[in-house]
Amino acid sequence: QAAGSGIDLGRAITMTGADIAQNTRGLTGAGVKVGIIDTGIDIDHPAFGGAGLPGGTPLPSARVAAGYDFVGDNYNAAGSGAQLVPVPDANPDDCNGHGTHVAGIIGGNGGGIKGVAPAVTFGAYRVFGCVGSTDSDIILAALERAYADGMKVINQSLGAGRQWPQYPTAQATSRLVNKGVVMV
């Protein structure tokens, strides 16, 4: 990376116009529940109301009001043996970082981070282990849980090489949109 060409995510808020929504319009996302279907959220991070100590923040918390880990740390749909067996638990803590990154952009607020909608309440739905991929049945379960938990916006920052309108996750997403959920 050339000198002076470093990434400055602090400028992203102004580049996208989110600063106008926050500072001129007073829009903060207060009262909006946002579900993150991804690698979980680091609920101990100060951007999400945590004290910064691993394992020190209970779920639910003031910022992460709902969530579930559908897979466990070792799960990898592209793996073998024990990696193919989900080991769900109640704590959707992120061991990969991607879900935390996505949540920070959306609504982080603390620890030097201010997201686009810094007053949203999150739901964290972990569908990935620490490494690897996931399956559509797990994503479907997360979509159903996020809807049952009252998420009004559901973000799926998931990559797929191919997808078609009849695919189960596409069908579920369309049905949630028809029920008034904003799907990202």
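Please refer to the structure higher up on the page.
Residues numbered from 1 in each chain as written. Predicted model: local features only at pLDDT ≥ 70, side-chain atom pairs only at ≥ 80, totals over all residues. Heavy atoms only, no water.

Side note on the packing of helix H4 (residues 136–148) against helix H5 (residues 168–178)
Helix-helix packing is described using two parameters, namely the angle between the two axes and the distance between the axes. Their axes nearest at 9 Å, the elements H4 and H5 cross at an angle of 15°. As summarised for this structure, H4 and H5 are arranged roughly parallel, according to the angle between their axes. Handedness of the crossing formed by H4 with H5: left-handed. Between H4 and H5, the contacting residues are Ser136, Ile139, Leu140, Leu143 and Tyr147 on the first element and Pro168, Thr169, Ala172, Thr173 and Leu176 on the second. A breakdown of the residues in the contact of H4 with H5 according to their chemical character gives 7 nonpolar, 3 polar and no charged. (Axes fitted to C-alpha atoms, helices over the stretch in contact; angles between N-to-C directions. Helix = DSSP H or I, 4+ residues; strand = E, 2+ residues; numbered from the N terminus. Parallel < 35°, antiparallel > 145°, perpendicular 65-115°, else oblique. Left-handed = near helix turned anticlockwise from the far one by under 90°. Contact = heavy atoms within 4.5 Å. Nonpolar A, V, L, I, M, F, W, Y, C, P; charged D, E, K, R; others polar.)

A closer look at the environment of Lys179
With respect to the secondary-structure elements, Lys179 resides in the loop between H5 and strand S7 (182–183). Residues Lys179 and Tyr147 lie 32 residues apart in sequence; the distance between their C-alpha atoms is 9.5 Å.

Some remarks on the state of the cysteines
For the structure shown, the criterion picks out 1 disulfide. Between the sulfur atoms of Cys95 and its disulfide partner Cys130 the distance amounts to 2.0 Å. One disulfide, between Cys95 and Cys130, carries an S-S torsion of -115° and so falls in the left-handed class. In this pair, Cys95 is assigned in the loop between strand S2 (64–69) and helix H3 (98–107) and Cys130 in the loop between strand S5 (121–126) and H4, connecting sequence segments 35 residues apart. On the basis of relative accessibility, which here comes to 23%, the residue Cys130 falls in the partly exposed class. (Disulfide = S-S within 2.5 Å. Buried < 20%, exposed > 50% of the residue type's maximum accessible area, 1.4 Å probe, protein only.)

Regarding the sheet that holds strand S6 (residues 153–156)
Spatial ordering of the open sheet is given by S2-S5-S1-S6-S7, a layout of 5 strands whose pairing is parallel. Only two strands of the sheet have a single partner each, and these edge strands are S2 and S7. Note: strand S1 (residues 33–38) against S5, 6 bridges, orientation parallel. Directly across from Gly35, in S5, lies its bridge partner Gly123. Each of S1, S2, S5, S6 and S7 touches H4; the most contacted strand, S6, lies at about 160° to it. (Pairing = 2+ DSSP bridges.)

Digging into the pattern of salt bridges
As enumerated under the stated definition, the model contains 2 salt bridges in all. With a closest N to O distance of 2.8 Å, Asp69 and Arg126 form a salt bridge. Of this pair, Asp69 sits in strand S2 while Arg126 sits in strand S5, placing them 57 residues apart in sequence. Take Asp69 and Arg126: they sit in the same class, and that class is buried. A salt bridge links Arg126 to Asp73, with the shortest nitrogen-to-oxygen separation between them at 3.0 Å. With Arg126 in strand S5 and Asp73 in the loop between S2 and H3, the pair connects residues that are 53 residues apart, well separated along the chain. Under the relative-accessibility criterion, Asp73 is labelled partly exposed at 49%. Three or more residues are tied together by salt bridges with common partners; here these are Asp69, Asp73 and Arg126. (Salt bridge = Lys/Arg side-chain N within 4 Å of Asp/Glu carboxyl O.)

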